[in-house]
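For reference, the chains in residue letters:
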Amino acid sequence: MRAAIALAAAALLAAPAMAANNPRTGRAFVLSGATGAPLRTLMAPDPINEALFGLSVAGVGDVNGDTIPDLAVGAPGVNALGVSRSGRAYLFSGADGSLIRAIDPPAPDGGARFGFVVAATGDLDGDGAGDLVVGAPKARSQGVGRTGEAYFISGMAGTSLEILRMPVPQKGARFAFSAASGRDVTGDGVTDIMLGAPSENVAPPNSSKRANQGRVYVFSGQANCLGVDPLFTRF
Ligand SMILES: [Ca+2]
Ligand SMILES: [Ca+2]
Ligand SMILES: [Ca+2]
């Protein structure tokens, strides 16, 4: 229990441009929340140029059942499943820093940048393990290129539970460029998720102001209510 408390208080910092050997491979660091002292360095499992490992980091709760909270790190420049810059995310043990698993995008898409953002969601599927949301802000979605998608990922299995999409896909919107959770806005006891689309055009099609105003979507984290429509949008 003492270890779990210590890790829950630890800060995870990323340095995507600090390469070990290759340019912009990246690495991530775990620092003590109590003292700021470095506790651990996480190295890129796929140390290619421009992997951008550590561009996103999150504590995602315990995914491997040892009761100690674990860590997610995104590497949106990795060529997952042989597809250029499709992106990949990783889960690391909070206990010893070892790699638990790599998470690949459900449908690898060149340049999609899966792993650009990672965030904790709590336990979405009720299996007792923490889950997460992973964004791919340049993914093709609903037939529209460079739109962006996000995925609820099972922390225990590493598989996709749901795909989160823009209700109306828009090329260049960068949906899932940012993500955050932590509030249950629907009151059902399940944490809900905010996703940002900072380059979405939200003005009417013929408006002179139609340029990258951006929009934020709130999705329900409740099972069976996922991936349909956002609960609210704001811009
Ligand atoms: Ca754990
Ligand atoms: Ca779970
Ligand atoms: Ca909720």
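As the structure is a prediction and not an experimental result, all values here were calculated from the model.

In this section: the overall build of the chain. Each helix and strand counted, the chain has 1 helix and 15 strands in total. In the chain, which comprises 235 residues, the share counted as buried stands at 46%.

Successive side chains on a regular strand alternate, one facing one side of the sheet and the next facing the other. Here strand 13 (residues 192–197) lies mainly inside the structure; 6 of its 6 residues are buried. Residues Asp192, Met194 and Gly196 of strand 13 are buried on one face, and the alternating residues Ile193, Leu195 and Ala197, pointing to the opposite face, are buried as well. Bridge analysis of strand 12 (residues 178–183) against strand 13 gives 5 bridges, and the strand direction is antiparallel. Among the inter-strand pairings, arginine 183 is bridged to a residue of strand 13, identified as aspartate 192.

The next subject is the sheet that holds strand 6 (residues 88–92). If you walk across this open sheet you meet the 4 strands as 4-5-6-7, and the pairing is antiparallel. Of all the strands in the sheet, the pair left with one neighbour each is strand 4 (56–61) and strand 7 (99–103). Averaged over all pairs of adjacent strands, the angle between their axes in this sheet comes to 20°, without regard to strand direction.

This part takes up the nonpolar core. Nonpolar side chains tend toward joint burial in soluble globular proteins. Core analysis: the biggest nonpolar cluster contains 55 residues, and Ala72, Val73, Leu132, Val134 and Leu195 have the highest contact counts within it. Setting aside its immediate chain neighbours within four residues, leucine 195 contacts Gly135, Ala150, Leu164, Phe175, Ala176, Ala179, Tyr217 and Phe219.

We now examine the environment of alanine 112. Summarising the element assignment, alanine 112 is placed in the loop between strand 7 and strand 8 (117–122). Taking the C-alpha atoms as reference points, alanine 112 and glycine 145, 33 residues apart in sequence, are found 9.2 Å from one another. For alanine 112, the residues in contact, after removing those within four places along its chain, are Ser86, Gly87, Pro105, Ala136, Lys138 and Ala139.

Let's shift gears to unusual backbone geometry. Even without being a glycine, threonine 67 presents a positive backbone phi close to 75°. As for its position among the elements, threonine 67 is in the loop between strand 4 and strand 5 (70–75). On the basis of neighbour count, threonine 67 is assigned to the exposed category, with 11 C-beta atoms found within 10 Å. A positive phi angle is found at glutamine 142, which is not glycine, with a value near 55°. With 12 C-beta atoms packed within 10 Å, glutamine 142 lands in the exposed category.

To continue, consider the sheet that holds strand 8. As summarised here, the arrangement of the 4 strands in space is 8-9-10-11, forming an open sheet in which the pairing is antiparallel. Since the sheet does not close on itself, it has two edges, and those belong to strand 8 and strand 11 (160–164), each with one partner. Pairwise comparison of adjacent strand axes, ignoring direction, gives a mean angle of 25° for this sheet. Relative to strand 9 (residues 131–136), strand 8 runs antiparallel, the two sharing 5 bridges. Along strand 9, the bridge assignment pairs valine 117 with glycine 135.

With 88% of its residues at a pLDDT of at least 70, the chain reaches an overall mean of 88. In the predicted structure, residues 1–6 sits below a pLDDT of 50 and forms 5 contacts with residues beyond four places in sequence or in another chain. Predicted confidence is poor over residues 224–229, with pLDDT under 50, and the contacts of this stretch with residues over four places away or in other chains come to 9 contacts.

With that out of the way, let us pick up the pairing of strand 9. Most of strand 9 sits inside the fold, with 6 of its 6 residues counted as buried. Of the two faces of strand 9, the one holding Asp131, Val133 and Gly135 and the one holding Leu132, Val134 and Ala136 are both buried throughout. Pairing analysis gives 5 bridges linking strand 9 to strand 10 (residues 149–153), with the strands arranged antiparallel. Bridged to valine 134 within strand 10 is tyrosine 151.

Moving on, we get to the environment of leucine 31. Along the chain, the position of leucine 31 falls in strand 2 (residues 27–31). Note on leucine 31: 15 C-beta atoms within 10 Å, which makes it partly exposed. With 19 residues separating them in the primary sequence, leucine 31 and leucine 12 have C-alpha atoms 6.1 Å apart.

Calculation rules
- Residues numbered from 1 in each chain as written.
- Chains lettered and ligands numbered in written order.
- Predicted model: local features only at pLDDT ≥ 70, side-chain atom pairs only at ≥ 80, totals over all residues.
- Helix = DSSP H or I, 4+ residues; strand = E, 2+ residues; numbered from the N terminus.
- Buried ≥ 20, exposed ≤ 12 C-beta atoms within 10 Å, placed from the backbone.
- Pairing = 2+ DSSP bridges.
- Axes fitted to C-alpha atoms, helices over the stretch in contact; angles between N-to-C directions.
- Core = buried A, V, L, I, M, F, W, Y, C linked by C-beta atoms within 7 Å.
- Contact = placed C-beta atoms within 7 Å.
- pLDDT = per-residue confidence, 0-100.

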